[in-house]
Amino acid sequence: MASSTTPSPVLKQPVRIACVQLASGSDKAANLARAAEKVREAAAGGAKIVVLPECFNSPYGCDYFPRYAETLLPSPPSEEDSPSFHALAAMARDNGVYLIGGSIPERETTPSSQEGEELQTRYYNTSLTFSPSGTLLATHRKVHLFDIDIPGGITFRESDVLSPGNKLTVVDLPEYGLVGIAICYDVRFPELATIAARKGCFALVYPGAFNLTTGPLHWELLGRARALDNQCYVALCSPARDMRGVYHAWGHSLVVDPMAKVMVQAGEKEEIVFADLDDQRIESARTGIPLRHQWRFDVYPDVSQGKVNIGET
Ligand SMILES: O=C(O)CCC(=O)C(=O)O
């Protein structure tokens, strides 16, 4: 019999997660059809949580965001405004899975604050999560935009086109528990992950698209670091690498366990990786190394107070 001191599980029952390392190109309809095929394959392989990559419905790059952007608000959007929203909802519903739908470029047009001025259009890098009945559960707009300049390596300035989101995203999957969702460059910011984990997440999931400069050095390291900091599962889901495309993704989608051990990792090509998650691994990591009772948020109170907006959808 469970005693009152038995900790309640962070992950309520074992679950198989799949990261679909999708090969996508410039044809949005073909990308959506390919994603649907691969989500079906992931579900047939027993996954109940399926993850797609960042910008899975378009090429990745500042020139492409406006061209591929879809209007998501007011929600639910029409088929015409957002074919990807409806395609993702159908993939989740048809396969009875939770679908963390990578990310898509989002367009938001709002009246200007100044009278007489034109409408304002903003673009976001946005992830949509759907329930097994096809209901939208959460929307995450990438909080930290990918602006870097590594001479001889890679220069990228998402902020030339995109606006940042301004909330942390924690989504409740009722049969399993809480999952923190963020996008790619967000993984470099441990505070976001720590606050999500302290809200009780069993996993942190990042659709991402690292590159051939930072990928080999930092992709796995960051996945393992966020798992190690927070003693929870971490999943990173990349597009497949396409050397004929404009952006060369690192690939190597992976799932890391709460002791920071890589459970599974893809290569560069299109592939689905699966991992079985259970609460026991979380519990044993947290019992063996009891960070939760040792954190000194009196010494670093900003993180403990979590001064961020917590949004529902
Ligand atoms: O942080 C990096 O090195 C890559 C980030 C990235 O590709 C992105 O945010 O899309």
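Residue indices follow the written sequence of each chain, beginning from 1 at its first position. At least 70 in pLDDT is required for a residue's local features to be given in this predicted model, at least 80 for side-chain atom pairs to be given and counted, and no such filter applies to totals for whole chains, interfaces and linings, which use all residues. Excluded from the side-chain calculation are hydrogens and water; included are all heavy atoms of the structure.

Let's shift gears to the overall build of the protein chain. The secondary structure content of the protein chain amounts to 8 helices and 17 strands. We compute the radius of gyration from the C-alpha atoms alone; for a globule the expected value is 2.2 Å times N to the 0.38, where N is the number of residues. Taking 20 Å as the expected radius of gyration for a compact globule of 313 residues, we find that the protein chain reaches 19 Å, a close match to that expectation. Taking the principal axes of the C-alpha coordinates as reference, the protein chain spans close to 60 × 45 × 45 Å. For every residue, the accessible area (1.4 Å probe, protein chains only) is compared with the maximum for its type, and the residue is labelled buried under 20%, exposed over 50%, or partly exposed between those bounds. Evaluated residue by residue, the protein chain yields a buried proportion of 53% over its 313 residues. In what follows, a contact means two residues having at least one pair of non-hydrogen atoms within 4.5 Å. By sequence separation, contacts in the protein chain at least 24 residues apart represent 69% of the contacts at least 6 residues apart. Each accessible area value is a Shrake-Rupley result obtained with a 1.4 Å probe; residue values ignore everything except the protein chains displayed when judging cover. For the protein chain, the accessible surface area stands at approximately 14000 Å², while carbon and sulfur atoms represent 51% of it. By the counting rule applied here, Lys and Arg register as positive and Asp and Glu as negative, while His and the ends of each chain are not counted. Working definition for charges: the position is that of NZ of Lys, CZ of Arg, CG of Asp or CD of Glu. Each charge class in the protein chain was averaged separately, 29 positive and 37 negative side chains, and the resulting centres sit 5 Å apart. Runs of E in the DSSP output that reach at least two residues are strands. Runs of H or I that reach at least four are helices, and both are numbered from the N terminus.

When you line up the elements, His144 lands in the loop between β7 (136–141) and β8 (147–149). Setting aside its immediate chain neighbours within four residues, His144 contacts Tyr185, Asp186, Phe189 and Leu192.

The next thing to look at is empty space enclosed by the protein. Cavity: a set of points on a 1 Å grid over the protein atoms alone where a 1.4 Å probe fits but cannot get out. Pocket: an open set with protein on both sides within 12 Å along at least five of seven lines, its lining residues, like those of a cavity, having an atom within 4 Å of a point. Grid points are joined across faces, edges and corners, and a volume is the space filled by probe spheres set on the points. All chains considered together, the criterion is met by 3 cavities of 30 Å³ or more. What the largest cavity holds in volume is close to 70 Å³. Around the largest cavity, the lining residues are His140, Leu168, Thr169, Gly180, Ile181, Ala182, Leu192, Ala193, Ala196, Leu204 and Tyr206. Counting residues per element, the ones that place at least two in the lining of the largest cavity are β10 (167–173), β11 (177–181), α4 (190–198) and β12 (201–207).

Before going further, it helps to spend a moment on the packing of aromatic side chains. Under the pairing criterion, centres of Phe, Tyr and Trp rings, with the six-membered ring standing for Trp, must be within 6.5 Å; the plane angle then separates stacked pairs below 30 degrees from edge-to-face pairs above 60, leaving the rest tilted. Applying the stated criterion across every chain yields a total of 12 aromatic pairs. Arranged with centres 4.8 Å apart and planes meeting at 25°, the rings of Phe146 and Phe156 form a pair that is stacked. Taken as a pair, Phe146 in the loop between β7 and β8 and Phe156 in strand β9 (residues 155–157) lie far apart in primary sequence, 10 residues in all. Given the relative accessible area of 6%, Phe146 is considered buried. Aromatic pair Tyr185 and Phe189: ring centres 5.6 Å apart, planes at 65°, arrangement edge-to-face.

Okay, the environment of Asp149 next. With respect to the helices and strands, the residue Asp149 is situated in strand β8. Sequence separation between Asp149 and Pro14 is 135 residues, and the spatial gap between their C-alpha atoms is 42 Å. Excluding anything up to four places from it in sequence, Asp149 contacts Ile154 and Thr155. In protein, a polar contact requires one atom able to donate a hydrogen and another able to accept it; more generally it is a pair of N or O atoms within 3.5 Å, and residues adjacent in sequence count only if both atoms are side-chain atoms. At 2.7 Å, the side chain of Asp149 forms a polar contact with the side chain of Thr155.

With that settled, the discussion passes to helix α3 (residues 83–95). Compared with the 18 Å implied by 1.5 Å per residue over 13 residues, the 18 Å span of α3 between its first and last C-alpha is a close match. Of all the residues in α3, the buried ones are Ser84, Phe85, Ala87, Leu88, Ala89, Ala90, Met91, Ala92 and Asn95. In this structure, the buried residues of α3 make contact with α1 (28–44), β3 (70–71), β4 (98–100), β5 (104–110), β6 (120–130) and β7. Looking at the residues trailing α3, positive phi occurs at Gly96, about 60°. Multiplying one less than the number of residues by 1.5 Å gives the expected span of a helix.

Moving on: the environment of Gly96. Relative to the helices and strands, Gly96 resides in the loop between α3 and β4. Along the primary structure Gly96 and Ser133 are separated by 37 residues, whereas in three dimensions their C-alpha atoms are 6.5 Å apart. Contact partners of Gly96, with chain neighbours within four places excluded, come to Lys48 and Pro132.

Below, the discussion takes up the packing of α1 against α3. Geometry is summarised by axes, namely lines fitted to C-alpha atoms with helices restricted to the contacting stretch, and by angles between N-to-C directions that run from 0 to 180 degrees. Orientation of α1 relative to α3, taken along the N-to-C sense of each, is 15°, at an axis distance of 10 Å. Accordingly, the angle class assigned to the pair α1 and α3 is roughly parallel. Crossing of α1 against α3: the hand is right-handed. Residues Lys28, Leu32, Ala35, Ala36, Val39, Arg40 and Ala43 of α1 pack against Pro83, Ser84, Ala87, Met91 and Asn95 of α3. Gly counts as polar in this scheme, as do all residues outside two lists: the nonpolar Ala, Val, Leu, Ile, Met, Phe, Trp, Tyr, Cys and Pro, and the charged Asp, Glu, Lys and Arg. Tallied by class, the residues present in the contact of α1 with α3 amount to 8 nonpolar, 2 polar and 2 charged. Angular relationships are summarised with four words: roughly parallel below 35 degrees, roughly antiparallel beyond 145, roughly perpendicular across 65 to 115, and oblique for the angles in between. Should the near helix be turned anticlockwise from the far one by less than a right angle, the crossing is termed left-handed; should it be turned clockwise, right-handed.

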